[in-house]
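A look at the structure
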Amino acid sequence: MPAALLILVMSFIPMAQAFILSLQTGRGANFTFAEPLWSNYTRLFEDEIFKLTLQNTFIYLLIQVPIMLIVALVLASVLNSKNLKFKSFWRTAIFLPCAVSLVAYSLVFRTIFANDGFVNDLLLGLSLIDAPINWLGDPTTARFVIILGLLWRWTGYNMVFYLAALQNIDHSTIEAAKVDGANAFKTFWFVTVPQLKPMILLTAIMSTNGTLQLFDESWALTRGGPAYQTMSMSHYLFEVSFLKNPNFGYASALSYVILILVAILAFIQLKVGDKRD
Amino acid sequence: MAVSATNSSRDVLDSRLLPGDQLFENFAKLIGVQDLGSAMWNSFSVAVGTTVLALVVCSIAGYAFEIFHSRGKDFVMAILLLAIMIPFAATMVPLFRLFAEVGLVNSLAAVIIPAISTPFLILLFRQASRSFPYEIIEAARIDGVSEVGIFARIYLPSMRSTMAAAAVITFMTAWNNFLWPKVILVNNAFQTMPMLISNLAAGYVTDYGVLMLAVLLASLPTMVIFLILQRTFAEGITGAIK
Amino acid sequence: MHAFSKKVTMAVAVALPLTLALGACSAGGGGGGGGAGGDENTLTAWAWDPTFNINALEEAEKVYQEDHPDFELEIVETPWEDLEPKLTTLAQSQQFGELPDIFLMQNNAFQKNGVNYPDLFSEIDTDAVDFSQFPEAVTAYSTVDGVNYGVPFDNGTAIQALRTDVLEEAGYTIDDFTDITWDQFITQAEDVLAKTGMPLLSGQAGAADTVMMILQSAGASLFDDEGNPTIDDNPALDEAIDIYTRLVDSGVFVEVNSWDEYLGTFVNGSVAGTINGIWIVGSIQGAEDQAGKWAATNLPRAEGIDGATQFSANGGSSWVVSSNANVDLATDFLATTFAGSTELYDTILPTSGAVANWIPAGGSSVYAEPNEFFGGQPIFADVVRFGAEVPSNNTGAYYYEGRDAVSAAITQIIGGADLKTALGEAQANVEFAME
């Protein structure tokens with residue numbers, strides 16, 4: 001297979017090399033096989049910062065992915081309604097965030113959530129809070145801002161997939177449901193959603209993968225701070241590889257843990273997705 | 001963002017939300033400091049090159065996966081999925097060594113090639129091919145149409161909308177691709193837009209107005225492509241999930 | 001037939017895109033990277049700011065061309081954030097042939113790269129470059145195991161820059177903030193805050209810059225001479241963090257969350273001063289309406305730490321001659337320009353604001369010229385004078401690990417955590433990274 005060959009060269013050779021590397025230790029470019037071989041992996045379990053980043057990443061995953069997919073689904077069905085005007089405008093507007101450069105988006109988000117930023121001004125103005133909230137300085141709110149950023153950026157992307165899938169639903173099934181007296185919500189939940197399941201599965205897997213490899217938001221919005229409380233696994237991986245004293249054996253082991261986690265989650269999602277069919 | 005592009009650096013730091021009068025001044029500064037035309041052109045060549053080649057390669061792969069029946073296909077598919085999941089930072093060093101050994105460091109080809117074969121695209125094409133009636137191919141074979149002919153004249157035209165969808169996604173990814181180009185390209189002449197933006201923010205003093213203008217310009221092409229293709233795009237992905 | 005055409009399809013499919021890709025794009029390959037590959041009068045250099053160090057390189061090229069008319073310098077703009085992963089990737093894949101002749105490196109990164117990837121560097125010949133003409137604190141950054149790997153470029157000497165109009169409103173002058181201790185600073189700054197509502201300092205929350213500057217002002221660091229971390233048993237660090245905590249608690253130091261916000265605080269006039277490396281002046285001068293209202297002086301002294309001075313540094317960078325360089329030409333170029341030309345430093349001070357580390361440069365008339373933005377103070381001559389007195393300290397190969405761990409600890413301490421516990425954790429994290 002042509003593409004398979006390219007992937008072989010471009011992905012698997014490096015992947016295999018990375019795996020071998022993950023069994024090795026050494027600073028700089030001098031490597032020897034670790035003793036025992038899996039010591040980089042056991043080291044991960046003793047790494048407090050890694051555990052923290054793992055926890056952060058899973059918080060993002062568990063909160064952000066479901067919300068994002070549901071919002072995307074709802075947006076898609078709203079934008080699919082026949083009597084909505086300027087459909088292409090809305091579609092483009094909602095897709096737009098993921099075309100926007102990270103530099104701009106992070107600067108805007110940081111400005112909005114600054115101590116004297118727009119959000120605090122608004123909340124103060126509405127007398128909802130008495131003192132400005134230090135959004136990016138507190139672990140809980142900083143994670144909240146990151147999740148919000150993720151939602152803003154990727155909801156439109158997923159919506160487009162749903163929107164496309166919606167065009168494909170047999171309209172007669174919805175009509176039939178209406179005739180049977182189902183309200184809009186019931187129709188949506190019992191008729192539309194099941195037909196979208198293959199696409200929901202695909203986006204769920206892709207989003208899980210995207211979240212576990214999350215780097216941009218952690219890097220650009222908070223630099224992982226305060227005190228590693230918002231740092232993602234991939235951000236930590238990047239630090240270990242390039243910013244700190246490079247330890248590529250350890251970094252490779254870290255990558256493989258991310259890979260295995262994604263694979264397990266994708267496998268579970270596939271199983272669950274299949275069962276309902 | 002659009003507003004910031006018209007303001008001076010000072011006003012951007014002030015988080016001013018009204019349009020300013022600095023647009024032309026910022027533009028003049030931008031082209032004064034950076035080779036905007038060349039960066040745009042490089043980004044464009046990379047994005048278009050990647051998109052075209054990726055579509056060719058991945059559509060063939062998707063077609064092959066679905067039409068030819070071979071053992072172990074599902075296994076290969078699973079491996080393909082795995083390839084999406086490995087973090088890039090881990091494969092970057094081996095990949096770099098690979099390109100250095102074939103002497104392709106510092107060329108646009110080095111940016112394009114790794115991006116051509118995207119497992120996600122192959123999946124998309126493969127899913128789209130699912131709905132493609134196999135009987136048509138059988139019939140064509142009986143009529144003596146060559147395999148290439150079937151692919152080019154029968155299969156591809158029916159995949160037009162999937163193509164459009166894949167094009168937008170690939171174009172966007174290639175356009176925004178950042179970490180790899182900055183590692184593999186070591187010459188100003190090959191600078192891409194994301195690299196130009198990173199240059200603007202590199203110094204002790206950053207002109208935020210100019211930075212925002214560059215960012216705005218960098219986002220335009222993806223928006224335009226989306227706007228043009230979005231109608232087909234929506235239909236295209238529909239085909240993919242049947 | 002079927003099987004055959006299948007194979008053909010495959011073959012074409014494999015060959016076509018590859019040939020296309022290679023043919024279309026490889027034409028441009030091999031241009032910039034290899035320093036040694038170029039002709040004998042050309043050097044390649046990586047640096048990152050067109051208005052700053054690239055401008056300095058261009059001027060240095062002109063200076064060198066006076067005696068070497070055939071000389072040419074090819075400058076590739078590479079931000080430090082990109083340059084660092086690039087160096088790591090090159091070294092890690094052992095592709096040293098892709099290095100330029102000269103590249104610029106952050107002073108704090110020297111120990112780390114020197115220890116991990118000595119193959120990136122060429123030793124700088126001490127016969128060609130007279131390192132005694134640079135402050136010892138600066139050359140110490142780029143000296144690894146007694147070998148010099150860098151020619152110092154821009155000055156990271158710290159200044160205390162304050163708004164004189166705000167001070168005046170509260171009844172103070174810049175002299176009241178000169179040669180003082182941190183205790184005096186806090187008392188006076190509280191007074192200024194009470195009278196004018198203006199805090200004097202700001203900084204990024206969770207950034208250790210201020211604490212690191214206090215440490216260096218006493219020649220202290222996070223590591224002992226053997227390079228072992230001394231975070232959990234370091235009276236100087238305890239004291240520095242105590243000063244920082246008091247600054248924040250008293251409200252005279254405002255913590256913000258990002259670099260842009262930090263710049264915003266004094267550019268927008270919500271904070272009336274800052275303490276940082278001299279390069280911060282570029283951003284301060286961005287606020288044109290504040291011209292004439294600033295003054296700069298030395299830092300407060302941390303009385304509680306042995307050997308405390310009024311001088312420190314933050315940042316700065318040095319030129320590296322790579323292992324792939326035309327070493328003789330590159331060394332001679334740096335020796336005649338950045339380590340030997342008053343003319344060069346006199347030119348780049350006004351054009352790029354790059355302040356010399358090279359001590360002879362500070363004596364020139366250009367440096368002694370009054371700076372209007374700073375109320376006529378000859379700020380750059382002052383800074384070069386300060387620079388010579390900065391105590392040197394041991395950054396250590398694990399500087400970034402140490403700094404990050406301490407940053408995290410500071411965040412926790414400001415948030416109310418116990419100092420000993422937080423620093424113990426930081427120590428453990430650094431030790432873990434060093435295993």
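The coordinates are above.
A brief report on the enclosed structure follows. (Residues numbered from 1 in each chain as written. Chains lettered and ligands numbered in written order. Predicted model: local features only at pLDDT ≥ 70, side-chain atom pairs only at ≥ 80, totals over all residues. Heavy atoms only, no water.)

Re unusual backbone geometry
The backbone of Asp145(C) shows a phi angle near 50 degrees, a positive value even though the residue is not glycine. Locating Asp145(C) in the fold gives a position in the loop between β4 (143–144) and β5 (147–148). (Helix = DSSP H or I, 4+ residues; strand = E, 2+ residues; numbered from the N terminus.)

A few points about the packing of aromatic side chains
Enumeration over the complete set of coordinates arrives at 27 aromatic pairs over all chains. With a centroid separation of 5.4 Å and an interplanar angle of 90 degrees, the aromatic rings of Tyr64(C) and Phe333(C) are classed as edge-to-face. Of the two residues, Tyr64(C) is situated in helix α2 (residues 53–65) and Phe333(C) in helix α12 (residues 327–336); the sequence distance between them amounts to 269 residues. Both residues of the pair, Tyr64(C) and Phe333(C), belong to the buried class. When the ring of Tyr345(C) is compared with that of Trp358(C), the centres are 6.0 Å apart and the planes differ by 25 degrees; the resulting orientation is stacked. Taken together, the positions of Tyr345(C) in helix α13 (residues 342–352) and Trp358(C) in the loop between α13 and α14 (365–368) put the pair 13 residues apart, joining distant regions of the chain. Among the aromatic residues, those joined into a cluster by ring pairs are Phe52(C), Phe153(C), Trp319(C), Phe338(C), Tyr345(C) and Trp358(C). The aromatic ring of Phe432(C) is capped on one face by Arg43(A), whose charged end is 4.2 Å from the ring centroid. Sitting above the plane of the Trp46(C) ring, Lys86(C) keeps its charged end 5.2 Å from the centroid. (Phe/Tyr/Trp six-rings, centres within 6.5 Å; stacked < 30°, edge-to-face > 60°. Buried < 20%, exposed > 50% of the residue type's maximum accessible area, 1.4 Å probe, protein only. Lys NZ or Arg CZ within 6 Å of the ring centre and 35° of its normal.)

Comments concerning the pattern of salt bridges
Opposite charge on two side chains allows them to pair when their charged atoms are near. Residue and element names in this part refer to chain C. For the structure shown, the criterion picks out ten salt bridges over all chains. The closest approach of N and O atoms between Lys420 and Asp238, which form a salt bridge, is 3.2 Å. Residue Lys420 is found in helix α17 (residues 419–434), and its partner Asp238 is found in helix α9 (residues 235–249); the two are separated by 182 residues along the sequence. Looking at Lys420, the relative accessible area reads 47%, which means it is partly exposed. Taking relative accessible area as the criterion, Asp238 reaches 18% and is therefore assigned buried. Several salt bridges converge on common partners, so that one network encompasses Asp183, Asp242 and Arg246. (Salt bridge = Lys/Arg side-chain N within 4 Å of Asp/Glu carboxyl O.)

Details of the packing of helix α9 (residues 184–195) of chain A against helix α10 (residues 197–212) of chain A
For any two helices packed against each other, the geometry is given by the interaxial angle and the distance between the axes. Residues and elements named next belong to chain A. The N-to-C vectors of α9 and α10 enclose an angle of 65 degrees; their axes lie 4 Å apart at closest approach. Looking at the two axes, α9 sits roughly perpendicular to α10. Residues Val193, Pro194 and Gln195 of α9 pack against Lys197, Pro198 and Ile200 of α10. Among the residues making up the contact of α9 with α10, the classes are represented as four nonpolar, one polar and one charged. (Axes fitted to C-alpha atoms, helices over the stretch in contact; angles between N-to-C directions. Parallel < 35°, antiparallel > 145°, perpendicular 65-115°, else oblique. Contact = heavy atoms within 4.5 Å. Nonpolar A, V, L, I, M, F, W, Y, C, P; charged D, E, K, R; others polar.)

Don't take any of this as a statement about function, it's just geometry.
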